[in-house]
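The lines below spell out each chain.
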Amino acid sequence: MDKDKTFYITTPIYYVNDVPHIGHAYTTIAADVLDRWYTSGGYDSYFLTGTDEHGQKIEQSAQKRGMTPKELCDEVVQNFKRLWETLNIQNNDFIRTTDKRHEEVVQEVFRHLLAQGDVYKGEYEGWYCVPCETYVPEAQMAEENTCPDCHRPLTKMTEETYFFRLSKYQDALLDYYEKNKDAILPHERYNEVVSFIKSGLKDQSISRTTLKWGIPLPGDDRHVIYVWFDALINYLSAMDFPKEDGKWKKYWPSVRHLVGKDIIRFHCVIWPAMLLALGVNPPVRVFAHGWWTVDGEKMSKSIGNVVDPFEMTELFSRDSFRYFLLREVPFGQDGNFSEMAMASRINSDLANDLGNLLSRSLQMIQKYRNGVLPDFAEVTELDTEIKNLAQATVGEMEEELDRFAFDEALKTLWKLISRANKYIDETEPWKLGKENNAARLDTVLRTLWEVLREVSILLAPFMPDTATNMTVQLGIEPMKRIDWVWGKINCPVSIARGENLFPRLDLVQWEKEKAERDAKKRAKAAGISNSNFEFEPLAEEISIDDFKKVDLRVALIESVTPVPKADKLYKLELNLGFEKRFVVSGIRQYYAPEDLVGKKAIIVANLRPARIRGVDSKGMLLAAENPEKGKEGISIVTILDTTMPQGARVC
Ligand code: MSP
């Protein structure tokens, strides 16, 4: 890691025309963890995220909604800001490409490169993908004239355009990557990028005349600057580039970009070439993470399976969500998101392993030492083994997080947690308590407390709320990783045992509720239902034989009289063809007698009779309840064909 101990981490800036989803949450949580990790390690860390607000899609969406593009951006950018608060993201800055500070830098960069001869005016003809806002080279087209990414039809366009002399930087890029093998991770991505560069780079079109919603090109206002050229510069504009006293002077030499695998070429080919042209070092590292599918399917608005991070933090907790995303899948690989996998992980890793370790240890300190933390007394080899493992854990995690291997770092931490749980079983403190073996008991309790303190520090970047909760229960103030020394405390400590960190989730119940939620989401996406009310869940499945037990019949309503002293009830006289009978029904609020008389309704004819307000009611009228209004809206079930004889069976 850098000698001067600065660390600059960025996320892609997100398009504002999308609602924030798991993909956005993933990168931003990862960046937040790194920022907190390096800060805790004594680094001066800077964390930038933001939004990408120009381009055709925004222009079109705004038009549809009858707003200016800026008005639309101002509105939707709030969704992202709210999400970062919800997920406990501590970014230092939030850059918007519509910020004046950004637009000025983009124009300055353009002017500089034009003057230097790295930008020139020419003509471009090519196949353009409007949704992806990019030209697609013929060799990369999917089937006939469709985009390899989104598979939508491409449009042939010819434009006057300004080009960036990307080809000029081919060798310099190869040279940079030759010398910096970790500049692109994972290594498969490095190889991919290097062979792409070797296959030959073409100059890149960086202006458009076909839209208005972009940064005006200095000196030629028929053009706006191409969104990607504009967007990439955010990483520098937010750092006051090129001011001599700007933040970039301090942080840029240690910049790391986190990106999804789909946008690696922009970040590993065009962007470093732009930087070389500006005389600035290319990114120290670009890490390309994988993509999430959902329950095995591609995430898509039309299927209705887009994972909403707001919903996840309500259903679980933001810490559980943060933990799951980084623990479940190696950072560079694709992964599958499933609520059930998350719920099981919460039960196993968080409730069982971590939660139990804390509650068992604190319970014993409470019981045997009245809540006051004891000192080490008689130390054995076993205690030393735990201490050594604890100390080794820090170094191992540091090495893993230097490679952005979040899952490995968490596994390493959980090795310590599991070892400490086993240590309780091995040392049997409850026996030491009974035997009055104070020296051993003191040491065991203190060792456990030390492990927990360390876990709270190492876990804090991943699960900040949990770590704070742990430190409160352990009776200490939060501390940085660099200040932590095994066994060293500054004053006497009293623990403050609290609630269990993670109550166990009932997976069977969870699965049932999830099925209901999913059905609703899919129905909404498919346009089956656009209401937001709560549907009553489906009752347990029955067989056809079960159903046959219910004898439904057509019944002619012959007379309707109010039931005395019951303002909701009517007594209905029904003709079933083979018999006449009375039924009491709670529909008085919704129908006048004349609305009902002569109608052919459906009743459950074999329902056990009941005496209601002095009337023998034999059967039940079928009616639908409006879920939106509860019992406010009731409609009885009648038969459409009025010639249907009363007494006919409904099946
Ligand atoms: N605006 C550009 C980035 C410009 S950076 C100078 C952009 N924005 S985006 O909003 O479309 O995408 C942002 C990130 O979300 C990308 O890194 C992309 O990989 C990521 N993801 C989108 N869907 C995803 C998943 N299903 N899973 C994981 N990440 C995914 O591209």
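Numbers given to residues run from 1 along each chain, matching the order in which its sequence is written. Local features are withheld for residues below a pLDDT of 70 in this predicted model, meaning they are given only at 70 or higher, and side-chain atom pairs are given and counted only at 80 or more; totals for whole chains, interfaces and linings count all residues. Heavy atoms throughout the structure, all of them, feed into the side-chain values; hydrogens and water do not.

Comments concerning the overall build of the protein
- Secondary structure elements are taken from DSSP: a helix is a run of H or I of four residues or more, a strand is a run of E of two residues or more, and numbering for both begins at the N terminus. Broken down by element type, the protein carries 21 helices and 25 strands.
- In this description the radius of gyration comes from C-alpha coordinates, and the expected globular size is given by 2.2 Å times residues to the power 0.38. Its C-alpha atoms give the protein a radius of gyration of 33 Å, more than 25% over the compact-globule value 26 Å for 651 residues.
- By principal-axis analysis of the C-alpha atoms, the protein measures approximately 95 × 85 × 40 Å.
- Accessible area is worked out with a 1.4 Å probe on protein chains only. A residue is then buried under 20% of its type maximum, exposed over 50%, and partly exposed in between. Considering the protein as a whole, with its 651 residues, one finds that 51% of them fall into the buried category.
- The criterion used for residue contact is that any of the two residues' heavy atoms lie within 4.5 Å. Across the protein, contacts joining residues at least 24 apart in sequence account for 73% of those joining residues at least 6 apart.
- Computed with the Shrake-Rupley method and a 1.4 Å probe, the accessible areas treat only the protein chains shown as cover for residues. About 30600 Å² of surface is accessible on the protein, with carbon and sulfur atoms providing 51% of the total.
- Only four residue types enter the charge count, namely Lys and Arg as positive and Asp and Glu as negative; His and the chain termini do not. For charged residues, the charge sits on one atom: NZ in Lys, CZ in Arg, CG in Asp, CD in Glu. When the 84 basic and 99 acidic side-chain charges of the protein are each reduced to a single mean position, those positions are 4 Å apart.

Examining the site of the ligand
- For the ligand, the set of nearby residues contains 23 residues, the closest of which are Ile13, Asp52, Gly260, Asp262 and Trp292.
- Here an oxygen atom of the ligand and a backbone polar atom of Tyr15 are 3.1 Å apart.
- Side-chain atoms alone can form a polar contact between residues adjacent in sequence; in general such a contact is a pair of N or O atoms within 3.5 Å, and within protein one must be able to donate a hydrogen while the other accepts it. One nitrogen or oxygen atom from the main chain of Trp292 is found 2.9 Å from a nitrogen atom belonging to the ligand.
- Notes on the ligand: free accessible area 670 Å², of which the protein chains cover 94%. Note on definitions. A residue lies near a molecule or strand when any single heavy atom of the residue is within 4 Å of it.

Observations regarding the nonpolar core
- The set of buried Ala, Val, Leu, Ile, Met, Phe, Trp, Tyr and Cys residues whose side-chain atoms join them within 4.5 Å is what this entry labels a nonpolar core. The biggest cluster of nonpolar side chains holds 100 residues, and the ones touching the most others in it are Phe321, Phe337, Phe406 and Phe462.
- It is helix H13 (residues 339-369) that provides the largest number of residues to this core, a total of 12 residues.
- Setting aside residues no more than four positions away along its own chain, Phe337 makes contact with Ile22, Trp292, Thr293, Val294, Asp295, Val307, Met312, Phe321, Phe324, Leu325 and Met342.
- Counting residues in hydrophobic clusters, the runner-up holds 62 residues, among them Leu166, Val193, Ile215 and Tyr226.

Some words on the sheet that holds strand S6 (residues 134-136)
- One requirement defines pairing of two strands: DSSP has to find at least two bridges between them. Pairing within the open sheet is antiparallel, and its four strands lie in the order S6-S5-S7-S9. A single partner strand is all that each edge strand has here, and the edge strands are S6 and strand S9 (204-205).
- Inspection of the sheet shows strand S7 (residues 155-164) paired to S9 by two bridges, in the antiparallel sense. Note that in S9 the partner of Phe164 across the bridge is Gln204.

Examining the pattern of salt bridges
- Within this document, salt bridges are pairs made up of a side-chain nitrogen of Lys or Arg and a carboxyl oxygen of Asp or Glu, the two lying within 4 Å of each other. As enumerated under the stated definition, the model contains 53 salt bridges in all.
- Of the charged contacts, one joins Glu408 and Arg403 as a salt bridge, the two residues approaching to 3.0 Å between their closest N and O atoms.
- Taking relative accessible area as the criterion, Glu408 reaches 31% and is therefore assigned partly exposed.
- The exposure class of Arg403 is partly exposed, given its relative accessible area of 33%.
- Where Glu579 meets Lys618, a salt bridge forms, and the shortest distance between an N and an O atom there is 3.2 Å. Of the two residues, Glu579 is situated in the loop between strand S17 (570-575) and strand S18 (580-585) and Lys618 in the loop between strand S21 (615-617) and strand S22 (620-621); the sequence distance between them amounts to 39 residues.
- Given the relative accessible area of 25%, Glu579 is considered partly exposed.
- Among the ionic contacts, a cluster of salt bridges with common partners joins Glu53, Lys70, Asp74 and Arg96.

Things to note about the environment of Phe310
- Residue position: Phe310 is located in helix H11 (residues 309-315).
- For the pair Phe310 and Ser543, spaced 233 residues apart in sequence, the C-alpha to C-alpha distance is 39 Å.

A look at the packing of aromatic side chains
- Stacked, tilted and edge-to-face pairs are distinguished by plane angle, under 30 degrees for stacked and over 60 for edge-to-face with tilted covering the rest, among Phe, Tyr and Trp rings (Trp via its six-membered ring) whose centres lie within 6.5 Å. A full pass over the atoms with the stated rule returns 30 aromatic pairs.
- Members of the aromatic cluster, joined through ring pairs, are Tyr26, Phe287, Trp292, Phe321, Phe324, Phe331, Phe337, Phe404 and Phe406.
- A ring is considered to have a charge above it if a Lys NZ or an Arg CZ atom is located within 6 Å of its centre and within 35 degrees of its normal. The lysine or arginine in question, Arg82, covers the ring of Phe310, its NZ or CZ lying 4.4 Å from the ring centre.

Overview of a nonpolar patch on the surface
- On the surface, a nonpolar cluster with roughly 300 Å² of combined accessible area is contributed by Ile542, Ile544 and Phe547.
- Mapped onto the fold, Ile542 is located in the loop between helix H19 (507-525) and helix H20 (544-548).
- Residue Ile542 is classed as exposed on the basis of its relative accessible area of 55%. Patch membership requires more than 30% relative accessible area and the absence of a salt bridge. Residues of like charge join within 9 Å; the nonpolar side chains Val, Leu, Ile, Met, Phe, Trp and Tyr join within 5 Å.

Regarding the packing of helix H5 (residues 170-179) against helix H6 (residues 187-198)
- All axes are obtained by fitting lines to C-alpha atoms, using only the stretch in contact for helices, and the reported angles, taken between N-to-C directions, cover 0 to 180 degrees. Their axes nearest at 10 Å, the elements H5 and H6 cross at an angle of 155 degrees. With respect to H6, the axis of H5 lies roughly antiparallel. The crossing of H5 and H6 is left-handed. Between H5, through Gln170, Leu173, Leu174, Tyr177 and Glu178, and H6, the contact on the second element is made entirely by Tyr190, Val193, Val194, Ile197 and Lys198.
- Considering only residue class, the contact of H5 with H6 consists of seven nonpolar, one polar and two charged. When an angle is under 35 degrees it counts as roughly parallel; over 145 it counts as roughly antiparallel; between 65 and 115 it counts as roughly perpendicular; any other value is oblique. Crossings are assigned a handedness: left-handed for a near helix turned anticlockwise from the far helix by less than a right angle, right-handed for a clockwise turn. Residues are grouped as follows: nonpolar covers Ala, Val, Leu, Ile, Met, Phe, Trp, Tyr, Cys and Pro; charged covers Asp, Glu, Lys and Arg; every other residue, Gly included, is treated as polar.

Brief notes about the packing of H13 against helix H17 (residues 438-459)
- Following both chains from N to C, one finds H13 and H17 inclined at 140 degrees, their axes separated by 10 Å at the closest point. Here H13 lies oblique to H17, going by the angle between them. Considering how the two elements wind past one another, H13 and H17 form a crossing that is left-handed. Facing Leu354, Leu357, Leu358, Ser361, Met364, Ile365, Tyr368 and Arg369 of H13, the residues of H17 in contact are Ala438, Leu441, Asp442, Leu445, Leu448, Trp449, Val451, Leu452, Val455 and Leu459.

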